[in-house]
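Each chain is listed here by its residues.
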Amino acid sequence: MEFHQPIPIDLPVEEQIEQFYANSHQAEVNDAYLAHYGFSREEALEKPLDKKVIRTDEHNIQVVRQFIENGYQMTNVVTHEKDRAGNDKYFMTTATGVVQDGALASVWGLQTDITEQRRAEEALREREKRYRELYTAAQRQSQELALLDRVRLALAPELDLNTIIQTVVEAIRETFGYTQVSAFMLDGDQLVLQHQVGYEAIFETIPISEGVSGEVVRTGKAVLLEDVRTHPGFLQAMAGIVSEICVPLLDQDRVVGMLNVASLDNVRLGEADLQLMVALSEHVNLAIERARLYTEVRRSEEQFREIFELAPIGMAITSLEGQYLRANKALCNTLGFTAEELSGKHSLEVTYAEDREANLALLNQLINEEISGYAFEKRYQRKDGSLVD
């Protein structure tokens, strides 16, 4: 780097900084420099320093200040610059100034591009910041979660949805002291009551187009009414209700129901009650999802069992080593064995002798995870010794 006019070193530092930016240009650059910035050689030689280095960056100004105050020397200092496209670039810079006749005439420097390293460090700092935020939030919730522990433990072993809903409603009343609690599940375009406590009379069904509960289902967002009189769509299930909280119940982020808490006798529900119900709903959502998965698995098992047993072709389940664990009626009839006789018997025992070696080789490949499965045409031998045609 050279200067159109050398900078007298006896000028005040701030004036030297001003001239350093405005009066400089590159006198010589190598190919690596051009690659860093994306300039052509002609552009690089024409650009003054303030077209590449971000002059408004206080860090960069401080770097130049330290360079001057340190006798026009700096070693491994980070600078923030811009490439031809305006992208941020970060360099580890070492530079030495050449002073002639009491003026700074030129600067020789070496730069290492550390942009990717800097981005990685910034990403790490952002993750650490996020972690601290999550940790702080977790601490704030610790006391509330302790109160929710009873509900969680009550729900943990339950896989039946009706039992889950009843357990939740009863636990809310007993653990948290709320007097009016109800739970509804979504069925088409209406909510259907599943369980309630504290109501002398209550709606058995609620269209999702009506009331606070309908709003919660449509939006998926919890609602707190500290004073139910302020909401024109409030549905009065019984006289004397002062406040109401409705929170959605979710299964994989899809609204499947609604949990409702109300208060009487001038008892007002507030933000703390809302947060408590939202936290509780998260446990309920997990229980609902678990119950659904259990139901789906059970239904799938029943369907498989029916297909397996009624299949017109022989089917069997074996261990990885080849022992029969279960055989359907068609296979038993084909081989002349009962299901009990086949259970524990190795599949090679009913394989024709000439086909066993090839079958065993494939089985060993499967056991050794060399293949993920195989199809093999072989001959079977019945219980009486005859071959299956």
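First, a word on scope: everything that follows refers to the structure included in this document. For clarity, every value in this text was computed on a predicted model and none was experimentally measured.

### Here's the deal with the sheet that holds strand β11 (residues 254-263)
Item 1. In space, the 6 strands of this open sheet follow the order β8-β7-β6-β11-β10-β9, with antiparallel pairing throughout. Unpaired on one side and paired on the other, β8 (205-207) and β9 (223-225) mark the two borders of the sheet. Ignoring strand direction, the axes of neighbouring strands in this sheet form an average angle of 25°.
Item 2. Strand direction decides the pairing type here: strand β6 (residues 180-187) and β11, joined by 6 bridges, are antiparallel. Note on β11: the bridge partner recorded for A183 is L259.
Item 3. Here helix α6 (residues 161-176) sits on the sheet in contact with β6, β7 (190-197) and β11, set at roughly 55° to β7.
Item 4. Across the sheet, helix α8 (residues 271-310) touches β9, β10 (243-251) and β11, and the angle it forms with β10 is around 30°.

### Notes on the side chain of S243
Item 1. Tracing the backbone shows S243 in strand β10.
Item 2. From its side chain, S243 meets the backbone oxygen of E226 in a polar contact 2.4 Å long.
Item 3. Excluding residues within four positions of it along the chain, S243 makes contact with L225, E226, D227, V228, V261, A262, S263, V267, R268 and L269.

### Some points on the pairing of β11
Item 1. The element β11 is largely enclosed, with a buried count of 9 among its 10 residues.
Item 2. Examined bridge by bridge, β10 and β11 share 9 bridges and lie antiparallel to one another. Bridge pairing in β11 places E244 opposite A262.
Item 3. Linking β10 back to β11 in an antiparallel pair, the connection comprises 2 residues, with Q252 at a positive phi of about 55°.

### Quick look at the packing of aromatic side chains
Item 1. Under the definition given, this model contains 4 aromatic pairs.
Item 2. Relative to F67, the ring of F20 has its centre 5.8 Å away and its plane inclined at 65°; by these criteria the two rings are edge-to-face. Separated by 47 residues along the polypeptide, F20 in helix α1 (residues 13-22) and F67 in helix α4 (residues 58-69) bring together distant segments of the chain.
Item 3. Overall, the relative accessible area of 7% leaves F20 in the buried class.
Item 4. Ring centres of F67 and Y72 lie 5.9 Å apart, and the angle between their planes is 80°; this geometry places the pair in the edge-to-face category.
Item 5. Classification of F67 by relative accessible area gives buried; the value is 2%.
Item 6. On the accessibility criterion, Y72 (8% relative accessible area) is buried.

### Digging into the sheet that holds strand β2 (residues 24-25)
Item 1. The strand order across the open sheet formed by 5 strands is β2-β1-β5-β4-β3, and the pairing between neighbours is antiparallel. Strand pairing shows two members of the sheet lacking a second neighbour, β2 and β3 (73-82), which therefore form its edges.
Item 2. In this structure, β3 lies alongside strand β4 (residues 88-100), joined through 8 bridges in antiparallel fashion. Each residue of the ladder has a partner; that of T79, found in β4, is F91.
Item 3. Contacts from α1 reach β1 (2-8), β2 and β5 (103-113) within the one sheet, and its direction differs from that of β1 by about 170°.

Criteria and thresholds
Residues numbered from 1 in each chain as written. Predicted model: local features only at pLDDT ≥ 70, side-chain atom pairs only at ≥ 80, totals over all residues. Heavy atoms only, no water. Pairing = 2+ DSSP bridges. Helix = DSSP H or I, 4+ residues; strand = E, 2+ residues; numbered from the N terminus. Axes fitted to C-alpha atoms, helices over the stretch in contact; angles between N-to-C directions. Contact = heavy atoms within 4.5 Å. Polar contact = N/O pair within 3.5 Å; in protein donor to acceptor, adjacent residues only side chain to side chain. Buried < 20%, exposed > 50% of the residue type's maximum accessible area, 1.4 Å probe, protein only. Phe/Tyr/Trp six-rings, centres within 6.5 Å; stacked < 30°, edge-to-face > 60°.

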